[in-house]
Amino acid sequence: MSIPAAFDYHTATSVDEAITLLQQYGDEAKVLAGGHSLLPTMKMRLAQPAHLVDIGRIHGLSHITEHTGMVAVGAMTTYSKIERSDLLHKHFALLPEGTALIGDQQVRNRGTIGGSIAHSDPAADMPGIVLALKGEILVHGPNQGRRVIKADDFFKDLFATALQPGEIVTEVRFAMPPARTGSAYTKLANKASHYAVVGCAAVVSLGGDGTCSSASVVITGAGVKPTRASAVEAALVGKKLDEATVAAAASHAADGLELVEDIHGSKAYRAQMATVMAKRAILKAAERAS
Ligand SMILES: Cc1cc2nc3c(=O)[nH]c(=O)nc-3n(C[C@H](O)[C@H](O)[C@H](O)COP(=O)(O)OP(=O)(O)OC[C@H]3O[C@@H](n4cnc5c(N)ncnc54)[C@H](O)[C@@H]3O)c2cc1C
């Protein structure tokens, strides 16, 4: 089935208007951002929303802006724009680096950071990257409601987030990293779609003595949702990040993961690849930090 069920199309010109439309049509409505996850799902008739609320014409949702102590990225910012941002390359290398590995150029020209995290596909790259960077997600909802959700509290389960009905992601914020911080993203990609069979997003900071002062390591693709590899992080902090230390820490990459399996890989294969990807990402991040 490659033709979606019939739907009404609404163009919102402001966040408030989009939220009003979402409230008006309730369960029958869905936000349309880049459409690169929603439309394939509709074509397969896995989703049949009667109303689409397009947020692509709302001004002020596709910025990459530096503020005191943080960088804010609008929800409708495309992957292409993220990939080309000097500001993001300078402070959060894994964000443009990981984004450049998503799909193909057409996907990156349309897909958005807000759409990816709201969709929360377990094989997507952006959710794991946002989690590793400890991003904060600004959400607007009914009755002028606004709240900020920490990435650690945002990704709940397979395709499930902390978003409530009628809420829209409007911005993702990243705190400026301390000096001597490096980050990297590595993935074993599906050869056709480039979705992550397994990916690892790593951010490490080094102290004055060269040991690791903080580590944020997230595995994506291998489990039902992007998952913080807490055991890996704990094994890195306080240590010099030489190859043996990183390899020993990375061997815990699949600890606590609710592993998935499909035609692209068994649970055992994904667990092994999580270790491989984690080692590569952490070593690269450590090299960039020093
Ligand atoms: C051929 C192909 C290859 C791909 N390869 C990859 C890949 O390698 N890695 C990867 O990570 N992804 C991949 N994708 C998916 C792509 O990244 C999608 O663009 C992305 O997952 C969704 O972003 P979108 O802006 O297109 O959202 P949409 O498809 O428009 O929306 C997705 C969902 O999120 C909701 N939504 C969207 N925006 C918001 C918002 N601001 N607030 C609240 N809800 C919102 C929608 O209602 C919908 O339920 C691929 C897609 C295709 C078609």
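Residues numbered from 1 in each chain as written. Predicted model: local features only at pLDDT ≥ 70, side-chain atom pairs only at ≥ 80, totals over all residues. Heavy atoms only, no water.

Engineer: Give a detailed account of the side chain of E233, specifying residues and quantitative values.
Structural biologist: Mapped onto the elements, E233 comes out in helix α10 (residues 230-236). Apart from residues lying up to four places away in sequence, E233 is in contact with A215, S216, V217 and R228. (Helix = DSSP H or I, 4+ residues; strand = E, 2+ residues; numbered from the N terminus. Contact = heavy atoms within 4.5 Å.)

Engineer: Residues and numbers for the pairing of strand β7 (residues 145-150), please.
Structural biologist: Relative to β7, strand β6 (residues 136-141) is paired through six bridges, and the arrangement is antiparallel. Paired with H140 across the strands is R146, a residue of β7. (Pairing = 2+ DSSP bridges.)

Engineer: Residues and numbers for the side chain of T77, please.
Structural biologist: When you line up the elements, T77 lands in the loop between β5 (70-74) and α3 (79-83). Here T77 falls in the buried class, since its relative accessible area comes to 0%. Other than its neighbours up to four places away in sequence, T77 contacts L61, S62, H63, I64, I82, G111, T112 and I113. (Buried < 20%, exposed > 50% of the residue type's maximum accessible area, 1.4 Å probe, protein only.)

Engineer: Would you mind going over the site of the ligand in detail, with residue names and values included?
Structural biologist: Around the ligand, the surrounding shell holds 31 residues, and the nearest of these are V31, G35, L38, Y79 and T112. At 2.9 Å from a nitrogen atom of the ligand is found a main-chain nitrogen or oxygen belonging to V169. Here a nitrogen atom of the ligand and a side-chain polar atom of Y195 are 3.0 Å apart. Taken by itself the ligand offers 960 Å² of open surface, and the protein chains cover 90% of this. Structurally, the ligand is housed in the largest pocket. Of all the secondary structure elements, the ones that give two or more residues to the shell around the ligand are β2 (29-32), α7 (113-119) and β10 (168-175). Residue contributions to the shell around the ligand peak at four residues, all from α7. A class-by-class count of the residues in the shell around the ligand yields 15 nonpolar, 12 polar and four charged. (Near = heavy atom within 4 Å. Polar contact = N/O pair within 3.5 Å; in protein donor to acceptor, adjacent residues only side chain to side chain. Areas by Shrake-Rupley, 256 points an atom, 1.4 Å probe, with all protein chains shown as cover. 1 Å grid on protein atoms, 1.4 Å probe; cavity = no way out; pocket = protein on both sides within 12 Å on 5 of 7 lines; lining within 4 Å. Sits in = over half its atoms within 2 Å of the grid points. Nonpolar A, V, L, I, M, F, W, Y, C, P; charged D, E, K, R; others polar.)

Engineer: Talk me through the nonpolar core; I want residue IDs and the actual numbers.
Structural biologist: Ranked by size, the top nonpolar core spans 34 residues in total, and within it L95, I117, V130, I137 and F174 carry the most contacts. Here the element with the most residues in this core is helix α8 (residues 126-132); it accounts for five residues. When residues no more than four places from it in sequence are discounted, the contact partners of F174 are G69, M70, V71, V73, F92, L95, I113, V130, L133 and G135. Counting residues in hydrophobic clusters, the runner-up holds 32 residues, among them A184, A278, A281 and I282. (Core = buried A, V, L, I, M, F, W, Y, C linked by side-chain atoms within 4.5 Å.)

Engineer: Can you lay out the pattern of salt bridges for me, pointing to particular residues and giving the numbers?
Structural biologist: Applying the stated criterion across every chain yields a total of 11 salt bridges. The partner of D152 in a salt bridge is R228, and the shortest N-O contact between them spans 3.0 Å. Placement of D152 in helix α9 (residues 151-154) and of R228 in strand β14 (residues 227-228) is noted, with a sequence separation of 76 residues between them. Residue D152 is classed as partly exposed on the basis of its relative accessible area of 42%. Classification of R228 by relative accessible area gives buried; the value is 16%. Among the ionic pairs, K279 bridges to E243, the shortest N-O distance being 3.0 Å. Of this pair, K279 sits in helix α12 (residues 267-289) while E243 sits in helix α11 (residues 243-250); the two residues are 36 residues apart in sequence, bridging distant segments of the chain. Overall, K279 belongs to the partly exposed group, its relative accessible area being 27%. Residues participating in the shared-partner salt-bridge network are E97, K284 and R288. (Salt bridge = Lys/Arg side-chain N within 4 Å of Asp/Glu carboxyl O.)

Engineer: Tell me about the packing of aromatic side chains, and please be specific about residues and values.
Structural biologist: What describes a pair of aromatic rings is the distance from one ring centre to the other and the angle between the planes of the rings. Counted by the stated rule, this structure contains two aromatic pairs. Ring centres of F92 and F174 lie 5.7 Å apart, and the angle between their planes is 45 degrees; on these two criteria the pair is classed as tilted. With F92 in the loop between α4 (86-91) and α5 (94-99) and F174 in strand β10, the pair connects residues that are 82 residues apart, well separated along the chain. On the basis of relative accessibility, which here comes to 0%, the residue F174 falls in the buried class. (Phe/Tyr/Trp six-rings, centres within 6.5 Å; stacked < 30°, edge-to-face > 60°.)

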